[in-house]
Amino acid sequence: ASVNTASSSGNPTFDINMGGTSVLHATNKLSIDASEKTSQTVTTATSIVTSALTDDAEITIDVDTAGTGAKGAKITLIGTRSI
């Protein structure tokens, strides 16, 4: 995850859902530390509960915490296709 403008206070936090159910652990969602622009060096690493995304599943992303002044959020999902 990344933002164009870093949060001056509070960690922007995101939840990734498949079919309306989170694929992330409830206490370790995807976040970006305040004053940083990416999740690469976040203090608390994201925990994935469901790593296999179902074919044709609806994937949605919720902003759980916006962070003060954070703008331009981008989330990238990287994976491989199972056949």
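Up top is the structure these notes are about.
Owing to the predicted nature of the structure, the values given are computational and were not obtained by experimental measurement.

Rules used in this analysis
- Residues numbered from 1 in each chain as written.
- Predicted model: local features only at pLDDT ≥ 70, side-chain atom pairs only at ≥ 80, totals over all residues.
- Heavy atoms only, no water.
- Helix = DSSP H or I, 4+ residues; strand = E, 2+ residues; numbered from the N terminus.
- Buried < 20%, exposed > 50% of the residue type's maximum accessible area, 1.4 Å probe, protein only.
- Lys, Arg positive; Asp, Glu negative; His and termini not counted.
- Salt bridge = Lys/Arg side-chain N within 4 Å of Asp/Glu carboxyl O.
- Polar contact = N/O pair within 3.5 Å; in protein donor to acceptor, adjacent residues only side chain to side chain.
- Contact = heavy atoms within 4.5 Å.
- 1 Å grid on protein atoms, 1.4 Å probe; cavity = no way out; pocket = protein on both sides within 12 Å on 5 of 7 lines; lining within 4 Å.
- Points joined across faces, edges and corners; volume = space filled by probe spheres on them.
- Nonpolar A, V, L, I, M, F, W, Y, C, P; charged D, E, K, R; others polar.
- Core = buried A, V, L, I, M, F, W, Y, C linked by side-chain atoms within 4.5 Å.

### Some details on the side chain of Asp33
Link 1 in the chain: As for its position among the elements, Asp33 is in the loop between strand E3 (30-31) and strand E4 (59-65).
Link 2 in the chain: Lys37 provides the closest opposite charge to the buried, unpaired Asp33, separated from it by 15 Å.
Link 3 in the chain: Engagement of the side chain of Asp33 in a polar contact is seen with the side chain of Thr43, the distance being 2.9 Å.
Link 4 in the chain: Setting aside anything within four residues of it in sequence, one finds Asp33 in contact with Asn11, Thr41, Val42 and Thr43.

### Describing the layout of surface pockets
Link 1 in the chain: Taken as a whole, the largest pocket encloses approximately 650 Å³ of empty space.
Link 2 in the chain: Along the wall of the largest pocket there are 22 residues; nearest its centre are Ser51, Leu53, Leu77, Ile78 and Gly79.
Link 3 in the chain: Here the lining of the largest pocket is built from residues that sort into 11 nonpolar, nine polar and two charged.

### Some words on the environment of Gly79
Link 1 in the chain: Residue placement: Gly79 occurs in the segment after E4.
Link 2 in the chain: With relative accessibility at 68%, the residue Gly79 sits in the exposed group.
Link 3 in the chain: In the structure, Gly79 is positioned 28 residues away from Ser51 in sequence and 9.1 Å away in space, judged by C-alpha atoms.

### Some words on the side chain of Thr13
Link 1 in the chain: Within the secondary structure, Thr13 is located in strand E1 (residues 13-18).
Link 2 in the chain: Owing to a relative accessible area of 16%, Thr13 belongs among the buried residues under this scheme.
Link 3 in the chain: Each residue touching Thr13, except ones within four places of it in the same chain, is listed here: Lys29, Leu30, Ser31, Asp62, Val63, Asp64 and Thr65.

### Here's the deal with the pattern of salt bridges
Link 1 in the chain: Within the structure shown, the criterion is met by two salt bridges.
Link 2 in the chain: Of the charged contacts in the structure, one is a salt bridge between Asp15 and Lys29, with a shortest N-O distance of 3.4 Å. Taken together, the residues Asp15 in strand E1 and Lys29 in the loop between strand E2 (21-22) and E3 connect sequence positions 14 residues apart.
Link 3 in the chain: A relative accessible area of 6% places Asp15 in the buried class.
Link 4 in the chain: Its salt-bridge partner being Lys29, residue Asp64 comes within 3.0 Å of it at the nearest N-O pair. Remark: Lys29 occurs in the loop between E2 and E3 and Asp64 occurs in strand E4; sequence separation between them is 35 residues.
Link 5 in the chain: A relative accessible area of 39% places Asp64 in the partly exposed class.
Link 6 in the chain: Through salt bridges with shared partners, a single network forms among Asp15, Lys29 and Asp64.

### A short note on the nonpolar core
Link 1 in the chain: One finds Val3, Phe14, Ile16, Met18, Val23, Leu24, Leu30 and Ile32 forming the largest nonpolar core, which totals eight residues.
Link 2 in the chain: With three residues, E1 is the single largest residue contributor to this core.
Link 3 in the chain: If we skip the residues at most four places from it in the chain, Met18 touches Val23, Thr50, Ala52, Leu53, Thr54, Ala57, Glu58 and Ile59.

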